[in-house]
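A closer look at the structure
One letter stands for each residue in the lines below.
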Amino acid sequence: MKILLISANTAETPYPVYPLGMGVVDNALVRAGHAVVQFDFLHSGQSVEKLADALRLQMPGLVGISIRNIDNVNLLNEQHYIPMVRQIVTVIRSVVKAPIVLGGAGFSIMPEEILNAVGADYGIVGEAESTVVDFVTSIERGERPARCIRPSQRVDPERIGSARYDSDIMKYYLQHGSMAGVQSKRGCVHRCVYCTYPLLEGRTIRPRPAGDVVDDIELLVNDHHAGYIFFTDSIFNDDAGLFLDLLREMKSRRVSVPWTCFIRPGKILEEHVLLMKETGLKAVEIGSDAASDAALRGMGKGFLFKDIISTNDVFVRNGIATANFFMFGGPEETKESVMEGIGNIVALEKTVSFMYMGIRILPGTPLEKIALGEGVIRPGQDLLESVYYFSPALDRQWLEKTMLDGFKDHRCCFFPADKFESATKFLHQMGYAGSLWEMLSPNKMRTSPRATDRAST
């Protein structure tokens, strides 16, 4: 069967990211003998006309749409992505009669709601590569599968496949940030109150064979000329130390390419950072999430602010650029913890920090239960329309003003996020490639006056 896969993502902050999930599904379908064409909405300039042209050219027997995000979870500058998916479905219907199936992380969070909202025929929840081949076989036979398909089990780690990267689409992404995504494992054992990763990938870590991951890296570097790798794992430094197996495989095969990843504070040793650096690590995103011990406890984090400091320090003193992300207003947040948190953040050394207020409530998370118990949301409420949690001890207007005042004189502290987006666009226009944390690090900013001036506006 000829299949057209569409990435519906239009988010470009902090940088556009190649639709890795779509590539994995593509690879599974091609291995099963199907003809697959990828269409990326960002690559096409977000043009529905180009989508219509692609549909007329391909005349697919099935169309799949990958939904990465529901919205941008930024209360102060909300962007909603489901209306665009609805428009894409309308365009498909006007050109071809092919069934339409939805998938992707964003879809899997609220599958029934999104199916109803956009009017597609089917949806596959979670790891679609495990079920999409059987689904296509059913369609070819003229059968009518269940409208919303949920895999009965997780993909075995040995069978988590590589992505098939479209050369033209990859070229676009490399020209708009120069980073190519690779996933080394799935799953998350932690219990952050707001997070959907355990729901989407399970609570057991499933590492891909290190050799397969390094094969992907070599393919991206040698065939696609990727100059920077982004490990998309929810947390790179898992507690079991499986990430070290990957690093040792990279070292043994003499693979050293600039890369970045998400890091959880705590349990990072100097020897780990040195091995990371030896294989090409340039920058890390530290998932700090809250800025005081009380707020960290309310967010379900298993570490303290001192762990954030020590983690940031061990990377900084080894020449690795860092970025820290913080959310204010979560469970157990008070005026006192807000003021303490602002002080903690501005005291962090040689890093850039990004602050958000309010926490997006998503179904199935502990935060949803907290919000229900406090009457923030009602039972059965449709959460497709974004709802944000604020601690009942805080007034939203007070919080926003306090954060604006607290960070306004600190050029490495970004609040609200719009300030960061302006800096991002400027840096890309200047030709910077790779991790923005490396570009915006205090040392870099001191040597690039134009970036400094823009980043602080």
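All values derive from a computational prediction rather than experimental measurement.

Turning to the sheet that holds strand S2 (residues 35–40), a few remarks are in order. In sheet architecture, strand pairing relies on hydrogen bonds along the backbone and comes in two forms, parallel and antiparallel. Strand order in the open sheet made by the six strands is S2-S1-S3-S4-S5-S6, with parallel pairing throughout. At either margin of the open sheet sits one strand with a lone partner, and together these are S2 and strand S6 (148–149). Most of the contacts of helix H2 (residues 48–58) go to S2, to which it runs at about 170°, and overall it touches strand S1 (2–7), S2 and strand S3 (62–66).

Attention now goes to the state of the cysteines. Covalently bonding the sulfur atom of one cysteine to the sulfur atom of another cysteine gives a disulfide. With the rule as written, the count across this model stands at zero disulfides. No disulfide involves Cys188; its sulfur sits 5.8 Å from the nearest other cysteine sulfur, which is in Cys195. Cys261 takes part in no disulfide bond, and the closest cysteine sulfur, belonging to Cys188, lies 14 Å away. Residue Cys261 is classed as buried on the basis of its relative accessible area, which comes to 0%.

Overall, the prediction assigns the protein a mean pLDDT of 91, with 91% of residues at 70 or greater. Throughout residues 445–457 the model reports pLDDT below 50, and contacts reaching past four residues in sequence, or to other chains, amount to 24 contacts.

Quick look at the environment of Leu348 now. Inspection of the secondary structure assignment puts Leu348 in the loop between helix H14 (335–347) and strand S14 (352–357). In this structure, the C-alpha to C-alpha distance between Leu348 and Ser108, residues 240 residues apart in sequence, is 36 Å. Residues contacting Leu348, with those up to four places away along its chain left out, are Phe305, Ile309, Asn324, Phe326 and Ser353.

With that settled, consider the sheet that holds strand S12 (residues 281–289). Ordered by their spatial adjacency, seven strands build an open sheet running S7-S10-S11-S12-S13-S14-S17, and the pairing between neighbours is parallel. Across the chains shown, the open sheet's two edge strands, defined by having one partner strand only, are strand S7 (180–182) and strand S17 (413–414). Here S7 pairs with strand S10 (residues 229–231) via three bridges, running parallel. Each bridged residue has a counterpart across the sheet, and for Val182 the counterpart in S10 is Phe231.

It is worth spelling out the side chain of Ser337 at this point. Looking at the element boundaries, Ser337 is found in helix H14. Among the polar contacts listed, one links the side chain of Ser337 to the side chain of Glu333, at a separation of 2.3 Å. In this structure the side chain of Ser337 is engaged in a polar contact, spanning 2.8 Å, whose partner is the backbone nitrogen of Thr334. Once residues within four sequence positions are removed from consideration, Ser337 is found in contact with Ser292, Ala294 and Glu332.

Glancing now at the pattern of salt bridges. Once the charged atoms of two side chains with opposite charge are near each other, the side chains can pair. Under the criterion given, the structure shown has 20 salt bridges. Asp215 serves as the salt-bridge partner of Arg253, at 2.6 Å between the closest nitrogen and oxygen. Taken together, the residues Arg253 in the loop between helix H10 (242–252) and strand S11 (259–263) and Asp215 in helix H9 (residues 210–222) connect sequence positions 38 residues apart. Owing to a relative accessible area of 26%, Arg253 belongs among the partly exposed residues under this scheme. Residue classification places Asp215 among the partly exposed positions, given a relative accessible area of 40%. Residues Arg317 and Glu270 are paired through a salt bridge, measuring 2.8 Å at the closest nitrogen-oxygen approach. Within this pair, whereas Arg317 is found in the loop between helix H13 (305–316) and strand S13 (321–328), its partner Glu270 is found in helix H11 (residues 270–278), the two being separated by 47 residues in sequence. Residue Arg317 is classed as exposed on the basis of its relative accessible area, which comes to 54%.

Taken together, the buried positions of helix H5 (residues 111–118) are occupied by Pro111, Ile114, Leu115 and Val118. The buried residues of H5 occupy an angular sector of 105° when the element is viewed end-on, so they sit on one face. Buried residues along H5 sit against helix H3 (82–95), strand S4 (100–103), helix H4 (105–109), strand S5 (122–124) and S6. Residue Gly119 follows H5 closely and has a positive phi angle near 80°.

This part covers the pairing of S2. Bridge count for S1 against S2 is six bridges, and the pairing is parallel. Bridged to Leu5 within S2 is Gln38. Regarding the hand of the β-α-β motif, the stretch spanning S1, helix H1 (residues 20–31) and S2 is right-handed.

Turning next to the pairing of S13. With eight of its eight residues buried, S13 lies for the most part within the structure. With burial as the criterion, each face of S13 is covered, one bearing Ala321, Ala323, Phe325 and Met327 and the other bearing Thr322, Asn324, Phe326 and Phe328. As judged from the six bridges shared by S13 and S14, these two strands associate in the parallel manner. Looking at the pairing, Ala323 lines up with Val352 of S14. Note that the unit made of S13, H14 and S14 has a crossover that is right-handed.

What counts and how
- Residues numbered from 1 in each chain as written.
- Predicted model: local features only at pLDDT ≥ 70, side-chain atom pairs only at ≥ 80, totals over all residues.
- Heavy atoms only, no water.
- Pairing = 2+ DSSP bridges.
- Helix = DSSP H or I, 4+ residues; strand = E, 2+ residues; numbered from the N terminus.
- Contact = heavy atoms within 4.5 Å.
- Axes fitted to C-alpha atoms, helices over the stretch in contact; angles between N-to-C directions.
- Disulfide = S-S within 2.5 Å.
- Buried < 20%, exposed > 50% of the residue type's maximum accessible area, 1.4 Å probe, protein only.
- pLDDT = per-residue confidence, 0-100.
- Polar contact = N/O pair within 3.5 Å; in protein donor to acceptor, adjacent residues only side chain to side chain.
- Salt bridge = Lys/Arg side-chain N within 4 Å of Asp/Glu carboxyl O.
- Arc of directions from axis to C-beta.
- Right-handed = clockwise from strand over helix to strand, strands pointing away.

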